[in-house]
Amino acid sequence: MTENSTGRPSAATGVLGAATVASGLVAGVFSAFACAVMPALARGDDRVFIRVMTDINDAIQNPVFFAGFLGAPVLTAVCARRSRGSGRRWVWAALTAHALVLLVTTVVNVPLNDRLAGAGDPARIADPAAVRERFEDTWVAWNVVRALLSTSALVCLVRALTLPQLPHGVRTSAYLESAAGSRASL
């Protein structure tokens, strides 16, 4: 962790910390769905499942969720652009994981959510079992992927926080980094 002249953590460390917290919140949401919400909904009948999922998909579109969901990759991107030293690779790995979460969400989960909502009022759907069948297994599987990717991003950012960071603009040579752990550096 870099410190400024006052001995306090630098702004870069603050941004990395904020990216880590946002990543943890997002990983927690997807993990909660994988571990509790979807298994609980699996116990209900088709109309209840469709109603609750439609309501959740509507309710989750709020500023608090979007702040974490979009803030995590944006803050991680800022860190990736500015990072130096041994934590750099971990930040870039986290950014890659976040990009994949965004991709899965926009290509798979959101279109499934839209299709579910487009089926109409669950009380009036002629075949709710068919609507649920086209949604549930695919959505659940890809949500688990999002949970794993988000958790991976979190782990990478935590690791980056535990490694020394260099001030912006300072670079180390590959030779010095490799020699740092060798007996020659003693």
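Up top is the structure these notes are about.
Residues numbered from 1 in each chain as written. Predicted model: local features only at pLDDT ≥ 70, side-chain atom pairs only at ≥ 80, totals over all residues. Heavy atoms only, no water.

### Brief notes about the overall build of the protein chain
Argument step 1. A count of helices and strands for the protein chain gives 6 helices and 0 strands.
Argument step 2. Along the protein chain, from the amino end to the carboxyl end, the secondary structure elements read α-α-α-α-α-α.
Argument step 3. Sequence-distant contacts in the protein chain: of pairs separated by 6 or more residues, those separated by 24 or more amount to 76%.
Argument step 4. Of the roughly 10,600 Å² of accessible surface on the protein chain, 64% is carried by carbon and sulfur atoms. (Helix = DSSP H or I, 4+ residues; strand = E, 2+ residues; numbered from the N terminus. Contact = heavy atoms within 4.5 Å. Areas by Shrake-Rupley, 256 points an atom, 1.4 Å probe, with all protein chains shown as cover.)

### As for the packing of aromatic side chains
Argument step 1. Here the structure, examined in full by the defined rule, presents 6 aromatic pairs.
Argument step 2. Arranged with centres 6.0 Å apart and planes meeting at 65°, the rings of F49 and F135 form a pair that is edge-to-face. Of the two residues, F49 sits in helix α2 (residues 46-59) while F135 sits in helix α5 (residues 128-162), which places them 86 residues apart along the sequence. Like F49, the residue F135 is buried in the burial classification. (Phe/Tyr/Trp six-rings, centres within 6.5 Å; stacked < 30°, edge-to-face > 60°. Buried < 20%, exposed > 50% of the residue type's maximum accessible area, 1.4 Å probe, protein only.)

### Let's talk about the nonpolar core
Argument step 1. Counting residues in hydrophobic clusters, the biggest one holds 13 residues, and the most contacted among them are M38, F49, I50, M53, L116, F135 and W139.
Argument step 2. Discounting chain neighbours no more than four positions away, the residues touching F49 are M38, L41, R132, F135 and E136. (Core = buried A, V, L, I, M, F, W, Y, C linked by side-chain atoms within 4.5 Å.)

### Examining the packing of α2 against helix α4 (residues 88-118)
Argument step 1. Where α2 contacts α4, the two axes come as close as 10 Å, and the packing angle between them is 125°. Compared by their axis directions, α2 and α4 come out oblique. Crossing hand, α2 versus α4: left-handed. Contact with α2, carried on its side by I50, M53, T54 and N57, involves N113, L116 and A117 of α4 and no other residues of that element.
Argument step 2. Here the residues of the contact of α2 with α4 are counted per class, giving 4 nonpolar, 3 polar and no charged. (Axes fitted to C-alpha atoms, helices over the stretch in contact; angles between N-to-C directions. Parallel < 35°, antiparallel > 145°, perpendicular 65-115°, else oblique. Left-handed = near helix turned anticlockwise from the far one by under 90°. Nonpolar A, V, L, I, M, F, W, Y, C, P; charged D, E, K, R; others polar.)

### Some thoughts on the environment of R134
Argument step 1. Inspection of the secondary structure puts R134 in helix α5.
Argument step 2. The class for R134 is exposed, based on a relative accessible area of 52%.

### With respect to the side chain of S150
Argument step 1. Relative to the assigned elements, S150 resides in helix α5.
Argument step 2. Residue classification places S150 among the buried residues on the basis of a relative accessible area of 0%.
Argument step 3. Residue contacts for S150: discarding those within four places in its chain leaves S23, V26, A27, F30 and V101.

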